[in-house]
Amino acid sequence: MSNIITSSYKSPVGELILGVYENKLCLADWKYRKMRDAIDARIIKHLDANFKSGNHELLDQTSQQLDAYFKGDLRNFDLPLLLSGTDFQKSVWNELQSIPYGATCSYISLSRKLKNEKAIRAVASANGANAISIIVPCHRVIGADGSLTGYAGGLPAKKKLLELEGIDLHNGQQRLF
């Protein structure tokens, strides 16, 4: 069985677990989230690999890019990603990556972009199952009324990430994608 090389990253809004498999980032997720065990089990099964703490150049590169993001110096991540999920989940996660820095998208508009407006609950579920937080920007998805909705890292972290990106949360959705 292969290994997913992991390390921790302490962000200003919470601790992340980073993971690399075959020179691709497969994990950048909140260490203390409710679905931690389920997310880990899905990745282990999908990749037929186990987690092993260690060092890897891509883990260092990911940490450096996250540092630059939190300093406000990086808007677009440039990392090789490996998404572990169903085809539908991957379609949602790929669409999330098209939401620009400093913009938001509602769940219903994300469902429409995927040409399946009735799948709003499935889209929300896939959004919540994202294992590459911040880099695959699920924090940019908000309620249709501009409200902050669930987030694996917690709503305070989501609020801070959106504010970091310049989104004015006090006046509703300013830059809806």
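With an unreviewed UniProt entry as reference, the protein chain is termed Methylated-DNA--protein-cysteine methyltransferase, source organism Nonlabens dokdonensis. What UniProt states about the protein chain under its Subcellular location (unreviewed entry) heading is, verbatim, "Cytoplasm". According to the UniProt record, the Function (unreviewed entry) comment for the protein chain reads "Involved in the cellular defense against the biological effects of O6-methylguanine (O6-MeG) and O4-methylthymine (O4-MeT) in DNA. Repairs the methylated nucleobase in DNA by stoichiometrically transferring the methyl group to a cysteine residue in the enzyme. This is a suicide reaction: the enzyme is irreversibly inactivated."

Trainee: Mind showing me how you'd approach the environment of Ala 49 here?
Mentor: For Ala 49, the location among the structural elements is in strand S4 (residues 49–53). When its relative accessible area of 0% is taken as the criterion, Ala 49 is described as buried. A sequence separation of 63 residues divides Ala 49 from Arg 112, and the C-alpha atoms of the two residues are 35 Å apart.

Trainee: In this structure, what is going on with the pattern of salt bridges? I would like to understand it.
Mentor: Where charged atoms from two side chains of opposite charge approach closely, those side chains can pair. Under the counting rule described, the total for this entry stands at eight salt bridges. Glu 15 is the partner of Lys 31 in a salt bridge, and the nearest nitrogen-oxygen pair spans 3.6 Å. Of this pair, Lys 31 sits in the loop between strand S3 (24–30) and helix H1 (36–47) while Glu 15 is found in strand S2 (residues 14–21), placing the two residues 16 residues apart along the sequence. You can call Glu 15 buried: its relative accessible area is 17%. The shortest N-O distance in the salt bridge between Glu 165 and Arg 140 comes to 2.8 Å. With Glu 165 in the segment after helix H6 (155–164) and Arg 140 in the loop between helix H5 (120–128) and strand S6 (141–142), this residue pair connects regions lying 25 residues apart in the sequence. You can call Arg 140 buried: its relative accessible area is 5%. One salt-bridge network, in which partners are shared between bridges, spans Asp 29, Arg 33, Arg 36 and Asp 40.

Trainee: Help me out: how do you make sense of the environment of Leu 18 in this one?
Mentor: Examined against the element boundaries, Leu 18 turns out to sit in strand S2. A residue is classified by how much of its surface remains accessible, and Leu 18, at 0% relative accessible area, is buried. In sequence terms Leu 18 and Lys 31 are 13 residues apart; their C-alpha atoms lie 9.3 Å from each other. If sequence neighbours within four positions are ignored, Leu 18 has contacts with Ile 5, Thr 6, Ser 7, Tyr 9, Leu 27, Ala 28, Leu 59, Thr 62, Ser 63 and Leu 66.

Trainee: Explain the layout of surface pockets to me, please; I cannot follow it from the model alone.
Mentor: Sizing a probe to match a water molecule and rolling it over the atoms shows the empty space that remains. By volume, the largest pocket is sized at about 290 Å³. Arg 33, Gly 128, Gly 150, Tyr 151 and Ala 152 are, among the 14 residues lining the largest pocket, the residues nearest its centre. A total of four residues in the lining of the largest pocket trace back to one element, the largest contributor, which is H5. Each residue belonging to the lining of the largest pocket can be placed in one class, and the counts come to eight nonpolar, four polar and two charged. Split by domain, the residues of the lining of the largest pocket number at least three in each of domain 1 (2–71) and domain 2 (87–165). Taken as a whole, the second largest pocket encloses approximately 170 Å³ of empty space.

Trainee: Hey, could you run me through the sheet that holds S2 in this one?
Mentor: Sheets are built from strands paired through backbone hydrogen bonds, the pairs being either parallel or antiparallel. With mixed pairing, four strands are arranged side by side in an open sheet as S3-S2-S1-S4. Looking at which strands have only one partner, the edges of the open sheet turn out to be S3 and S4. Neighbour to neighbour, the strand axes of the sheet diverge by 30° on average, direction disregarded. Alignment of strand S1 (residues 2–11) against S4, held across five bridges, turns out to be parallel. Across the sheet, the residue bridging to Ser 2 is Ala 49, located in S4.

Trainee: Help me understand the packing of aromatic side chains in this model?
Mentor: We describe a pair of aromatic rings using the distance from one ring centre to the other and the angle between the two ring planes. Evaluated as defined, the whole model comprises four aromatic pairs. Relative to Phe 77, the ring of Tyr 69 has its centre 5.5 Å away and its plane inclined at 35°; by these criteria the two rings are tilted. Residues Tyr 69 and Phe 77 agree in their burial class; the two are buried. Among the aromatic residues, those joined into a ring-pair cluster are Tyr 69, Phe 70, Phe 77 and Tyr 101.

Conventions used here
- Residues numbered from 1 in each chain as written.
- Predicted model: local features only at pLDDT ≥ 70, side-chain atom pairs only at ≥ 80, totals over all residues.
- Heavy atoms only, no water.
- UniProt positions renumbered as here; feature names shortened; annotations may be inferred.
- Helix = DSSP H or I, 4+ residues; strand = E, 2+ residues; numbered from the N terminus.
- Buried < 20%, exposed > 50% of the residue type's maximum accessible area, 1.4 Å probe, protein only.
- Salt bridge = Lys/Arg side-chain N within 4 Å of Asp/Glu carboxyl O.
- Contact = heavy atoms within 4.5 Å.
- 1 Å grid on protein atoms, 1.4 Å probe; cavity = no way out; pocket = protein on both sides within 12 Å on 5 of 7 lines; lining within 4 Å.
- Points joined across faces, edges and corners; volume = space filled by probe spheres on them.
- Nonpolar A, V, L, I, M, F, W, Y, C, P; charged D, E, K, R; others polar.
- Domains from an automatic or database assignment.
- Pairing = 2+ DSSP bridges.
- Axes fitted to C-alpha atoms, helices over the stretch in contact; angles between N-to-C directions.
- Phe/Tyr/Trp six-rings, centres within 6.5 Å; stacked < 30°, edge-to-face > 60°.

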